[in-house]
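Tertiary structure, described
These are the residues of each chain, in order.
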Amino acid sequence: AKIFQASTSEVYGDPEIHPQHELYWGRVNPIGPRSCYDEGKRCAETLFFDYHRQLSLKIKIARIFNTYGPNMDTNDGRVVSNIIIQALKDEDITIYGNGNQTRSFCFVDDLIDAMIIFMQNDKIVGPVNAGNPKEYSMIEVANMIINLTKSKSKLLFKKLPLDDPQKRKPDISLIKSLNWSPITSLDEGLEKTIKYFINENK
């Protein structure tokens, strides 16, 4: 049996290189407010590789970048669900910092395809970046959701949290070598996600 670790792009912290590739060791504050998550995932990768080296455990590690789609929890605190819920209620949309920080968003169906293809491969252990390399600023995402929901919401800017990454974009060269690439555009994925939240709140 193989054991899969769902790691995260947060292992790269607030990166000094862009886009982020798997050989980059990251730039993480080990004692900051985000470190319990960042360092927790980094530690998990360490343990997985120790078991792989010492006990020949069959491991697969994927570093998952921002993922979204139907069936997200309304209160999960993720940026896409937060903005959609605020937009549907015509509430002010919370943007942290100046809104120019970027993220890359992968639709959940694409991510699951990536996981399956990766697990079926017997040569690459990982870590492997899994995500969509198309990059958007927070302001772009908010305005896209406002337009798709026909919302009357306005943007409300708040202080940027400590250690919040300024850029996030995966180098997916490695997983593309397994014949995988994301196929769902952000517009298309957001439409499906918005429809889900509308039905959830009826």
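Residues numbered from 1 in each chain as written. Predicted model: local features only at pLDDT ≥ 70, side-chain atom pairs only at ≥ 80, totals over all residues. Heavy atoms only, no water.

We now examine helix α6 (residues 186-200). Taking 1.5 Å of rise per residue, the 15 residues of α6 would be expected to cover 21 Å, and the 21 Å separating its terminal C-alpha atoms lies within 8% of that figure. Buried within α6 we find Leu186, Gly189, Leu190, Thr193, Ile194, Tyr196 and Phe197. Each buried residue of α6 lies within a common arc of 155° when the element is viewed along its axis, so the set occupies one face. The inward-facing, buried residues of α6 contact β3 (67-68), α2 (79-88), β6 (106-107), β8 (135-137) and α4 (138-149). (Helix = DSSP H or I, 4+ residues; strand = E, 2+ residues; numbered from the N terminus. Expected span 1.5 Å × (residues − 1). Buried < 20%, exposed > 50% of the residue type's maximum accessible area, 1.4 Å probe, protein only. Arc of directions from axis to C-beta. Contact = heavy atoms within 4.5 Å.)

Another point: unusual backbone geometry. The residue after histidine 18, namely proline 19, is reached through a cis peptide bond having omega -5°. Inspection of the secondary structure assignment puts proline 19 in the loop between β1 (3-8) and α1 (35-55). Put simply, glycine 126 and proline 127 share a cis peptide bond, and its omega is 0°. Mapped onto the elements, proline 127 comes out in the loop between α3 (108-120) and β7 (128-130). At serine 56, a position not held by glycine, the phi torsion is positive, near 60°. You will see that lysine 150, though not glycine, has its phi angle at about 55°, which is positive. Following the sequence through the fold, lysine 150 ends up in the loop between α4 and β9 (155-158). The exposed category is assigned to lysine 150, whose relative accessible area is 72%.

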